[in-house]
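# Observations on the model geometry
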Amino acid sequence: MAGLMAGGRPGTLSARLGRLPTGPKIFLILSAALLPFAIIAILATLATTRQAGQEARSQLRVAAQESSRNLAIELVGDMTALTTAMNALAADHADAPSCARARGVFAQQIAAGASFTISDRTGRLLCGTAPPFSVPNAIAGGQPSARVVPGKGIVLAITAAGGGLRGSAFFPAKFLSGVARPSAFGVDYAEVIRDPDGQELNLRTLDQDRPLDRHDSVSVPLNIGNLTAVLNISSNPITWPIFTALLLPILMWLAAASLAWLVVDRLLIQPLRTLRARVAAYRPGEEIASSDVRSLPAQEIRELGETFRSLSRTLILHEAGLAEGLVRQTKLTREVHHRVKNNLQVISSLINLHSRGAKAEEAARAYSSIQRRVDALSVVHRHHFAEMEDHRGLSLRAVIGELASNIRATSPEGSKLGILLEVEPYLVTQDNAIAIAFLLTEIIELAIAINPCAQLRLSVRAGDTPDKAILRASSPGLIEGDGLKAALDQRYARVMEGLSRQLRAPLHHDPLAGAYEIAIAITGKD
């Protein structure tokens, strides 16, 4: 039983049974539980059948004893009367009273077709009638000898003690059949009398003898003439009552298992499947209909359905509250971003005003440098706010394009700064976008510090792996020289190194081509 419910190791019988649906599992469990009762009922039926057979055989033995006793009493009595008459006639062949007494003894038998004969040694008939059949030889003074005449009857012969007379008696089969009939034996039977030579006389035959019948026979000696009475009964081991008794436990077993499975399937499994289908079809924001729950047949499953229905109502209320909170949170977030953007714009405007009012050229350049960095942060923040709702990442093409426009706009008057962009549409996170914007601002300012009319080329291309891209900034002003070395040593090298560490990649400088290159992490393509 446990194997049916447990998972078991893959490939084992318990594992295969564990993958069966619940309906077949229940049917198998109930069948296994009820099968012993069916087997017990079948064994009890077989035991009862065997006991009935034993009782029938016992009755047959009793009937055979009674039949043989009746025959022996009749034959011995008749032969004793015949011997007495023979002894009287041996003393006086003309003893008519003795012959008459013998006729009186045999009167009833003669009426049934029997006959007796007493003759002398020469064959002269002294009493009775001539024998209808040949007479067996008999020993003088011994037991009677017997011969079976098939289909006719039995001939018994006896010789007087002196050997002068011989007597014989013929008993027909019909007469012997009536004598041999046992009392109160209602079973159909067959009976034969067998002589020493193997000849048989049928006293009674079976009314029906079917091919599948089983025959039981009992032989009992008659103690006269070495005759034997054989009784035979037939029984059919597979009768309709026995077949029905054997089949009924199997049918009851199948019916009980099927009925139990049907009840469990209708009241438990199918309602659970229906409830599971309705719960599986549930969509957030919907409420499970009460009619779907009330139509379930089992009270416990209806209560479970009501629980799911209550949970769906609670979920609707929670989702409404979450949606309302999300709306408030979105409004607050937008307000914060809007204020940060305005504050950055105010700072940029203030820096611009102070830059215009600065009398020293070096102060004006310092203000412009600070303003570029504030603009870089503002560009990234604005694009991050625009991409906030779908969280795909910030587009490098848009960020670098706007950053380049702002730097050209804030370049000194009369400057012929040129920036060429070759940026593929890659997406990056906000943190990387800020570091990239600051790094490009530092590289562009480094080029402007060396040559105010610098021409720069900014590119972003695919890297060695799908999650990397190569950011490259090149300009003739970035070629190795004393001016570049002095500017780097003054401040730019430290800032650029810090930004490359933030991007978690080394910043490579090609002194001959005048280019800086770094690998940046990307989140995908726009």
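Each value, and the rule that gives it
Residues numbered from 1 in each chain as written. Predicted model: local features only at pLDDT ≥ 70, side-chain atom pairs only at ≥ 80, totals over all residues. Heavy atoms only, no water. Pairing = 2+ DSSP bridges. Helix = DSSP H or I, 4+ residues; strand = E, 2+ residues; numbered from the N terminus. Axes fitted to C-alpha atoms, helices over the stretch in contact; angles between N-to-C directions. Contact = heavy atoms within 4.5 Å. Buried < 20%, exposed > 50% of the residue type's maximum accessible area, 1.4 Å probe, protein only. Core = buried A, V, L, I, M, F, W, Y, C linked by side-chain atoms within 4.5 Å. Parallel < 35°, antiparallel > 145°, perpendicular 65-115°, else oblique. Nonpolar A, V, L, I, M, F, W, Y, C, P; charged D, E, K, R; others polar. Disulfide = S-S within 2.5 Å. Phe/Tyr/Trp six-rings, centres within 6.5 Å; stacked < 30°, edge-to-face > 60°. Left-handed = near helix turned anticlockwise from the far one by under 90°.

### Quick word on the sheet that holds strand β2 (residues 125-128)
Spatially, β2-β1-β5-β4-β3 is the arrangement adopted by the 5 strands of the open sheet, whose pairing is antiparallel. The open sheet is flanked by β2 and β3 (145-149), the only strands paired with a single partner. Ignoring which end each strand starts from, the neighbouring axes of this sheet average 20° apart. In this structure, strand β1 (residues 115-120) lies alongside strand β5 (residues 165-172), joined through 6 bridges in antiparallel fashion. If you follow Ser 115 over to β5, its bridge partner there is Phe 170. The strands touched by helix α4 (residues 96-105) are β1 and β2; relative to β2, the strand with the most contacts, the crossing angle is about 40°. Against the sheet, helix α6 (residues 173-180) touches β4 (153-159) and β5, its axis set at about 75° to β5.

### Some words on the environment of Cys 127
Structurally, Cys 127 is set in strand β2. Classification of Cys 127 by relative accessible area gives buried; the value is 2%. Sequence-wise, Cys 127 and Ser 98 are 29 residues apart; in three dimensions their C-alpha atoms are separated by 9.2 Å. Once residues within four sequence positions are removed from consideration, Cys 127 is found in contact with Leu 89, Cys 99, Arg 103, Phe 116, Thr 117 and Ile 118.

### A closer look at the nonpolar core
Leu 396 and Leu 446 are the most contacted members of the largest nonpolar core, which totals 45 residues. The biggest single contributor to this core is helix α12 (residues 430-450), with 11 residues. Beyond its immediate chain neighbours, meaning those up to four positions away, Leu 396 contacts Gly 401, Val 423, Tyr 426, Val 428, Ile 436, Val 460 and Ile 520.

### Some remarks on the packing of α12 against helix α13 (residues 482-502)
Orientation of α12 relative to α13, taken along the N-to-C sense of each, is 175°, at an axis distance of 9 Å. Comparing their axes, α13 and α12 come out roughly antiparallel. Where α12 approaches α13, its residues Asp 431, Ala 435, Phe 438, Leu 439, Glu 442, Ile 443, Glu 445, Leu 446, Ala 449 and Ile 450 are matched on the opposing element by Gly 483, Leu 484, Ala 487, Leu 488, Arg 491, Tyr 492, Val 495, Met 496, Leu 499 and Gln 502. The residue makeup of the contact of α12 with α13, split by class, is 14 nonpolar, 2 polar and 4 charged.

### A few points about the state of the cysteines
The tally for this structure, following the rule as stated, stands at 1 disulfide. Cys 99 shares a disulfide with Cys 127; S-S distance 1.8 Å. One disulfide, between Cys 99 and Cys 127, carries an S-S torsion of 90° and so falls in the right-handed class. Of this pair, Cys 99 sits in helix α4 while Cys 127 sits in strand β2; the two residues are 28 residues apart in sequence, bridging distant segments of the chain. Since its relative accessible area comes to 11%, Cys 99 is described here as buried.

### Here's the deal with the packing of aromatic side chains
If you walk through the whole model with that rule in mind, you get 4 aromatic pairs. Between Phe 106 and Phe 116, the aromatic rings sit 4.8 Å apart at their centres with planes inclined by 25°, giving stacked as the arrangement. Of the two residues, Phe 106 sits in the loop between α4 and α5 (107-111) while Phe 116 sits in strand β1, which places them 10 residues apart along the sequence. In this pair, the class of Phe 106 matches that of Phe 116, namely buried. Judged by centre distance (6.2 Å) and plane angle (20°), the rings of Phe 171 and Phe 175 are stacked. Residue Phe 171 shares its accessibility class with Phe 175, and that shared class is buried.

### Section: the pairing of β1
Across the 6 residues of β1, 6 count as buried, placing the element largely inside the fold. Of the two faces of β1, the one lined by Ser 115, Thr 117 and Ser 119 and the one lined by Phe 116, Ile 118 and Asp 120 are each fully buried. Sheet analysis places β1 next to β2, joined by 3 bridges and oriented antiparallel. Counted as the bridge partner of Ile 118 is Cys 127 from β2. Where β1 hands over to β2, the hairpin turn is made up of 4 residues, of which Gly 123 adopts a positive phi near 95°.

### Points about the packing of helix α11 (residues 396-409) against α12
One can describe the packing of α11 onto α12 by two numbers: an axis separation of 11 Å at closest approach and a directional angle of 35°. In the packing of α11 onto α12, the handedness of the crossing is right-handed. Residues Leu 396, Ile 400, Leu 403 and Ile 407 of α11 lie in contact with α12, whose contacting residues are Ile 436, Ala 437, Leu 440, Thr 441 and Ile 444. The residue makeup of the contact of α11 with α12, split by class, is 8 nonpolar, 1 polar and no charged.

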